[in-house]
Amino acid sequence: MEFILTEEQLAVKQAAREFAQQTLLPGVIERDTHMTYPTEQVRDMAEMGFLGMMVSPEYGGGGMDTLSYVLAMEELSKVDNSCSVIVSVNNSLVCWGLETYGNEEQKQKYLTKLCIGEWIGAFCLSEPEAGSDATSQRTTAIDMGDHYILNGTKNWITNGGSSKVHLVIAQTNIEKGHKGINAFIVETAWEGVEIGAKEDKLGIRSSDTHTVLYNDVKVPKENRIGEDGFGFKFAMKVLSGGRIGIAAQALGIASGAYELAVKYSLEREAFGRPIGQHQAVAFKLADMSTDIEAARLMVYRAAWMKDNGLDYTSGAAMAKLIASDVAMKHTVEAIQVHGGYGFVKEYHVERLMRDAKITQIYEGTSEIQKLVISRNILNGTLYEPLWMPCQS
Ligand code: CAA
């Protein structure tokens, strides 16, 4: 077994770490407090190549593997999760979905703009009455011959206000159930696309999460992704990869809180010595470190499975499940280590705790991850360890 990162992967990790500390950290508290969209930071992330990391250089991307993307997500998420969710949605849902399932014309038209940050993408699946139950799409796209007419409302759309291109999942034939669902590339400048209310959220507050409405939007037929009826499978496949990105975000949140807790434990004194030298705190650090390492192995393994052409559906779901739980649990512990200081904004851990919660919800709740994992067990595909395919 190989646990050593390549020089390229290490360089990505280091660059992301420096960028997060030098460029994202200043102002992160103010942006969070006032829900200020990180316009300059997104431009800087585009310049750093963080918006299209896995996209082939042919289309303007970095041509990197999933593990490099995960390493960057982890470092960015130690500091600013509003920025890292923008990176995650643009990379693993929008760019990866387009590059993997789009046709050549679609890739030429959209990918470069998305990689260089000229356009930001959004993934529009959730609806007021279709969150976990994603097949219950009420947004409709009626086939008019050379175009579709799109109508409906999408909820909790990350990048909802700032994006220029949406991947929209819609029902084209209700009688066919999930086989009557399609995915479309929709430009927000088109007539009938309306950006609705911005959400005032517990965490990731400076990312812009909106309701989006489509009112008789004319979508050219060439903007459908894949064969007729492929939309639901497209959404599921894209979300499996997306879950690796969110697992990496959760890992970054947990690691960021842990690093702050260790630093504080060495600096803060109580009863005549640094608090880290009291067993009550030292054991918390040991538990944090152990759980985070376990989550890290799962997240890196999911990325490795994707990079090595293995079925990563369950691996991604497991990684997200464990990493988001570790993030929630240990951001709370990091606040406890900081005592009263942990409860105020200046020390960053309270923000990380608020950010952690969404990782148990978006791109599939923890309960949905358990559903995905358990269905694979019962289907008979999870008898063997995932990373060791049986050799007959
Ligand atoms: N890959 C490929 N195909 C898949 C698949 C996968 N991972 N998962 C399901 N499918 C296929 C099934 O094989 C089935 O196809 P067939 O009928 O041809 O066999 C079809 O899709 C329907 O699957 P199910 O019968 O399993 O459908 P279901 O309704 O019982 O449940 C679900 C599916 C797993 C619960 C799904 O609805 C789901 O993942 N829900 C959660 C949705 C979600 O993650 N939303 C996140 C919103 S996006 C977001 O948060 C982005 C953001 O802004 C940050």
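If you're wondering where the values come from, they're calculated on a predicted model, not measured in any experiment.

Trainee: It is not clear to me how the environment of H210 should be interpreted in this structure. Could you clarify?
Mentor: Residue placement: H210 occurs in strand β7 (residues 209-220). Distance in space between the C-alpha atoms of H210 and N155 is 6.6 Å, their sequence separation being 55 residues. When residues no more than four places from it in sequence are discounted, the contact partners of H210 are K154, N155, W156, I157, G160, G161, I195, G196, A197 and K198. One polar contact links the side chain of H210 to the main-chain carbonyl oxygen of G196, over a distance of 2.9 Å.

Trainee: How should I be thinking about the domain arrangement of the protein chain in this particular structure?
Mentor: Interfaces are frequently sized by the accessible area removed from exposure as the parts join. Looking at the assigned domains, one finds that the protein chain contains domain 1 (7-114), domain 2 (121-232) and domain 3 (233-378). Just the C-alpha atoms count here: the centres of domain 2 and domain 3 sit 30 Å apart. Counting residues at the interface gives 15 residues for domain 2, matched by 13 residues for domain 3. Across the domain 2 to domain 3 interface the summed buried area is about 1,300 Å²; carbon plus sulfur atoms make up 77%.

Trainee: Just to check I follow, could you spell out the site of the ligand for this structure?
Mentor: Lining the immediate surroundings of the ligand are 26 residues, of which S132, T158, H178, R243 and R375 lie closest. Separating an oxygen atom of the ligand from a backbone N or O atom of A134 is a distance of 3.5 Å. In this structure, an oxygen atom belonging to the ligand sits 2.9 Å away from a side-chain N or O atom of K233. For the ligand, whose accessible area on its own is 1,100 Å², the fraction buried by protein is 75%. Sorting the residues of the shell around the ligand by element identifies α5 (81-101), α7 (231-267) and α11 (366-378) as the ones contributing at least two each. A total of seven residues in the shell around the ligand trace back to one element, the largest contributor, which is α7. By residue class, the composition of the shell around the ligand is 11 nonpolar, nine polar and six charged. Both of domain 2 (121-232) and domain 3 (233-378) provide at least three residues apiece to the shell around the ligand.

Trainee: So what exactly am I meant to see when it comes to the side chain of N182 here?
Mentor: You can see N182 is positioned in strand β5 (residues 181-187). On the basis of relative accessible area, N182 is assigned to the buried category, the value being 0%. One polar contact links the side chain of N182 to the main-chain amide nitrogen of G229, over a distance of 2.9 Å. Contacts of N182, omitting those with residues within four sequence positions, involve V168, I169, A170, T172, R224, E227, D228, G229, F230 and G231.

Here is what the cut-offs are and how they apply
Residues numbered from 1 in each chain as written. Predicted model: local features only at pLDDT ≥ 70, side-chain atom pairs only at ≥ 80, totals over all residues. Heavy atoms only, no water. Helix = DSSP H or I, 4+ residues; strand = E, 2+ residues; numbered from the N terminus. Contact = heavy atoms within 4.5 Å. Polar contact = N/O pair within 3.5 Å; in protein donor to acceptor, adjacent residues only side chain to side chain. Domains from an automatic or database assignment. Buried area = accessible area lost by both parts, 1.4 Å probe. Near = heavy atom within 4 Å. Areas by Shrake-Rupley, 256 points an atom, 1.4 Å probe, with all protein chains shown as cover. Nonpolar A, V, L, I, M, F, W, Y, C, P; charged D, E, K, R; others polar. Buried < 20%, exposed > 50% of the residue type's maximum accessible area, 1.4 Å probe, protein only.

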